[in-house]
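# Architecture and fold: a report
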Amino acid sequence: MEPSILRLESPATDVIIRCQPYAEILYWGPHLHSFNAEDIQTLNRAVPHGRLDVDVPLTLAAELGHGLFGSPSVEGHRDGKDWSPVFVTTQIEHKNNQLTIIGEDDIAGLRLTSELNLDSASGVLSLRNSLTNLGCENYWLDRLALTLPVNETADEVMAFHGRWVKEFQPHRVTLQHGSYQQENRRGRSSHEYFPGMVLGCHGYSEQQGKVWGIHLGWSGNHRLRADVKTDGRRLLQAEALYLPGEVSLAEGESQSTPWLYASHSNHGLNGMSQQLHRFVRQHIVHFPQPKARPVHLNTWEGIYFDHNPQYIMSMARQAADLGVERFIIDDGWFQGRNHDRAALGDWYLDEKKYPNGLQPVIQQVKDLGMEFGIWVEPEMVNPNSDLYRAHPDWLLALPGYQQPTGRWQYVLDLQNPAVFDYLLARMDWLLGEHDIDYVKWDMNREIVQPGHQGRAGSTGQAEALYRLLDTLQLHHPHVEFESCASGGGRIDYEILKRTHRFWPSDNNDALERQKIQRGMSYFFPPEVMGSHIGGKLCHTTYRQHNIAFRGLTALFGHMGVELDPVKESSEEQRGFARYIALHKSLRPLLHSGNVVRLDSHDPTTLLHGVVSESQDQALLIVSQLAMPTWSLPGQLRMPYLRPEARYRVSLLDVPELISVEQGGHTMKVLPPWMIQPIEANGEWLAQVGLALPVLDPESAILIKFEQL
Ligand code: DGJ
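Residues numbered from 1 in each chain as written. Predicted model: local features only at pLDDT ≥ 70, side-chain atom pairs only at ≥ 80, totals over all residues. Heavy atoms only, no water.

The name given to the protein in an unreviewed UniProt entry is Alpha-galactosidase, with Yersinia entomophaga as the source organism. If you open the UniProt record of the protein and go to Sequence similarities (unreviewed entry), you find "Belongs to the glycosyl hydrolase." Under Catalytic activity (unreviewed entry), UniProt gives the following word-for-word description of the protein: "Hydrolysis of terminal, non-reducing alpha-D-galactose residues in alpha-D-galactosides, including galactose oligosaccharides, galactomannans and galactolipids." (UniProt positions renumbered as here; feature names shortened; annotations may be inferred.)

## A look at the packing of helix 6 (residues 417–433) against helix 7 (residues 458–475)
At a minimum axis distance of 11 Å, the contact between helix 6 and helix 7 shows a crossing angle of 30 degrees. Considering their axes alone, helix 6 and helix 7 lie roughly parallel with respect to each other. Where helix 6 crosses over helix 7, the handedness of that crossing is right-handed. From helix 6, Phe420, Leu423, Leu424, Met427, Asp428 and Leu431 reach across to helix 7, where they touch Ala464, Arg467, Leu468, Thr471, Leu472 and His475. Residues of the contact of helix 6 with helix 7, tallied by class, amount to eight nonpolar, two polar and two charged. (Axes fitted to C-alpha atoms, helices over the stretch in contact; angles between N-to-C directions. Helix = DSSP H or I, 4+ residues; strand = E, 2+ residues; numbered from the N terminus. Parallel < 35°, antiparallel > 145°, perpendicular 65-115°, else oblique. Left-handed = near helix turned anticlockwise from the far one by under 90°. Contact = heavy atoms within 4.5 Å. Nonpolar A, V, L, I, M, F, W, Y, C, P; charged D, E, K, R; others polar.)

## Focus: the sheet that holds strand 29 (residues 501–502)
Overall, parallel pairing links the eight strands, which are arranged 29-28-25-22-21-20-31-30 in an open sheet. The open sheet is flanked by strand 29 and strand 30 (530–534), the only strands paired with a single partner. By the bridge criterion, two bridges tie strand 28 (residues 480–483) to strand 29 in an arrangement that is parallel. Residue serine 483 lies in a different strand from strand 29, and its bridge partner there is phenylalanine 502. Along the sheet, helix 4 (residues 359–367) contacts strand 21 (326–329) and strand 22 (371–376); its crossing angle with strand 22, the most-contacted strand, is approximately 140 degrees. Each of strand 25 (438–441) and strand 28 is contacted by helix 7, which is oriented at about 170 degrees to strand 25, the strand it contacts most. (Pairing = 2+ DSSP bridges.)

## What about the pattern of salt bridges?
Tallied over the entire structure, the rule returns 49 salt bridges. In this structure, the salt-bridge partner of arginine 550 is glutamate 572, at a minimum N-O distance of 2.8 Å. Pair noted here: arginine 550 is in helix 10 (residues 547–555) and glutamate 572 is in helix 11 (residues 570–590), with a separation of 22 residues, a long-range link. Here the two residues arginine 550 and glutamate 572 agree in accessibility, since each one is buried. For the salt bridge of aspartate 564 with lysine 567, the shortest nitrogen-to-oxygen distance reads 3.3 Å. What makes aspartate 564 buried here is its relative accessible area of 3%. Within the structure, one salt-bridge network assembled from shared partners comprises Glu75, Arg143, Glu183, Arg185, Arg223 and Glu239. (Salt bridge = Lys/Arg side-chain N within 4 Å of Asp/Glu carboxyl O. Buried < 20%, exposed > 50% of the residue type's maximum accessible area, 1.4 Å probe, protein only.)

## Focus on the environment of glutamate 137
When you line up the elements, glutamate 137 lands in the loop between strand 8 (125–133) and strand 9 (139–150). For the pair glutamate 137 and asparagine 97, spaced 40 residues apart in sequence, the C-alpha separation works out to 36 Å.

## Comments concerning the environment of lysine 536
By secondary structure assignment, the location of lysine 536 is in the loop between strand 30 and helix 10. For the pair lysine 536 and histidine 267, spaced 269 residues apart in sequence, the C-alpha separation works out to 39 Å. Ignoring anything within four residues of it in the chain, the contact list for lysine 536 reads Arg543, Gln544, His545, Arg550 and Glu572.

## Here we look at empty space enclosed by the protein
What the rule picks out here adds up to nine cavities of 30 Å³ or more. The volume enclosed by the largest cavity comes to roughly 150 Å³. Taken together, 15 residues line the largest cavity, and the ones lying closest to its centre are Gln514, Gln517, Arg518, Phe556 and His608. Elements represented by at least two residues in the lining of the largest cavity include exactly helix 9 (510–521), helix 10 and strand 33 (605–611). Looking at the lining of the largest cavity residue by residue, the classes come out as nine nonpolar, five polar and one charged. (1 Å grid on protein atoms, 1.4 Å probe; cavity = no way out; pocket = protein on both sides within 12 Å on 5 of 7 lines; lining within 4 Å. Points joined across faces, edges and corners; volume = space filled by probe spheres on them.)

Listed below in structure tokens is the structure:
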């Protein structure tokens, strides 16, 4: 093999890299059964008229100095000089599927280190660039990105937009010329632009097509773009976005990009997601104990700030009766926290509310056989708090400017050692003095003018947060953490390395959750996606849904309930208990299987499922989001079963509303398999299908496929 051509290979995906003049990805696609380095000759490019006289490589550094005329991976300068580096490989380390390529520019005095790891089990490629200043004067780094070439037939971007209570909304953009770029400057991964993007060949769907997906594991500002160069080459580029002057490297200092995770699939978005889920399960999320994900009850939507330990204990008793396994006290337990305008920062127990301490409540929860969890929001401070009155200078802010508040709060400067130590001490007190198993770590405002000692400190703030969480985990290794930021404002793989669950949205409306959870499922497996059954009247939308639709929607994540169980009617309580029990019976499959999103010819119907690794079992939820477009919904074709195997098909959960005797619904006769389970071959179910019922809008059914 030509020494500068290296291959990383896995059963799903191969990556072929030319290491000279610097790391250039020549191929990122399906596994090649045979590979001869000499075949690389087929890729030697033409040099067109009217352009530079040489071939221009598209390396991981995308250097302008090669004549690329695009967005380079490195932008910076040394007092106006050394601004256009061109790297030449000086060292290559290659072991198994891990490759490190080091390049230097002697003139600019810079070293670039590119790390590429291909995970054999999933085919997910992890990449990182690090820049080191070899000169004696400071190097001001404005941008450090990763640039990944993608097949020139890819012309359709899928990216995500969103907002508070409407996260993870995918949209598509046809990309024939120019760029599509998303920039997030909100100081956290953001509700608005999840740091993930897919570029694929026109018309790719859940089940079909070629896609190349990326996710930047970073909880701060970011920039993601997809480009079609004027020579037709396509690329994806991702970076943490630096504010002016934010990164300055003294001699010998380095700065790294966050890890970029890349997944290619020839089998549509499902293939991409399954690979990413496998990767997350093996390499990103680390549960302290390998146990089933406990069903939650979180008090927020039940009692808000109204904490009374006696009442909370009655909620815990009721929760245990319903089958809840982890009871979490949300916001409102600490000194003076009676509403959202005061007390953030004062991490001492409110003794007026809890005169006997937290212990009696914790004990009660434990005696009932449940784990105990608590809410915190350490990065924030209310101006109306003892902490702010004592330390008004602890803010992440620029002196002389009036910071706008967000939810009546400011952000603390975690890079200030006094702030870091205070928060660590208070969290150590909370977790050390109490028998706490779980922390819901919230973050309820965006970061404006993140000033640390007068300079931009957005990147440092995110890194300090990681350090704080890492230190707490070291001190309290048994505790699990949830990442919540007004719902889905901080969801990414880097925060997931030190947390165990997300709260995807403050929107608990089952209809909206169907779409939010589907969006999140492109990158995250169900066991890290908190999905709670809320009250009948949703507190964010004022829509009302029956318990079946709420229960089935919450089933396909890490389940919980988000209400006051004491106040609920016995009919509702029966519903909670039913869906909790159903979830418990199904979670071994739900939390280990492959997620499948089926293409649906009717946009009002969502088809979502989980198939066991051995394909002997599958669950599928058919969710009717709005009035069906046609009077007959057609056949469900389920392609992820073994073609040669025979399956029993049964209805696991059917809303009581589907009753032909009742008026107001759309069927006189149900498809017979809904009444009596049937048997069919996998191939038949994939190619021919199962007649679907006519469902009412905002309802769902749950189907099980079991190999005989
Ligand atoms: C925002 C979170 O998303 C909610 O679940 C809840 O914890 C509130 N904050 C509490 O203030």
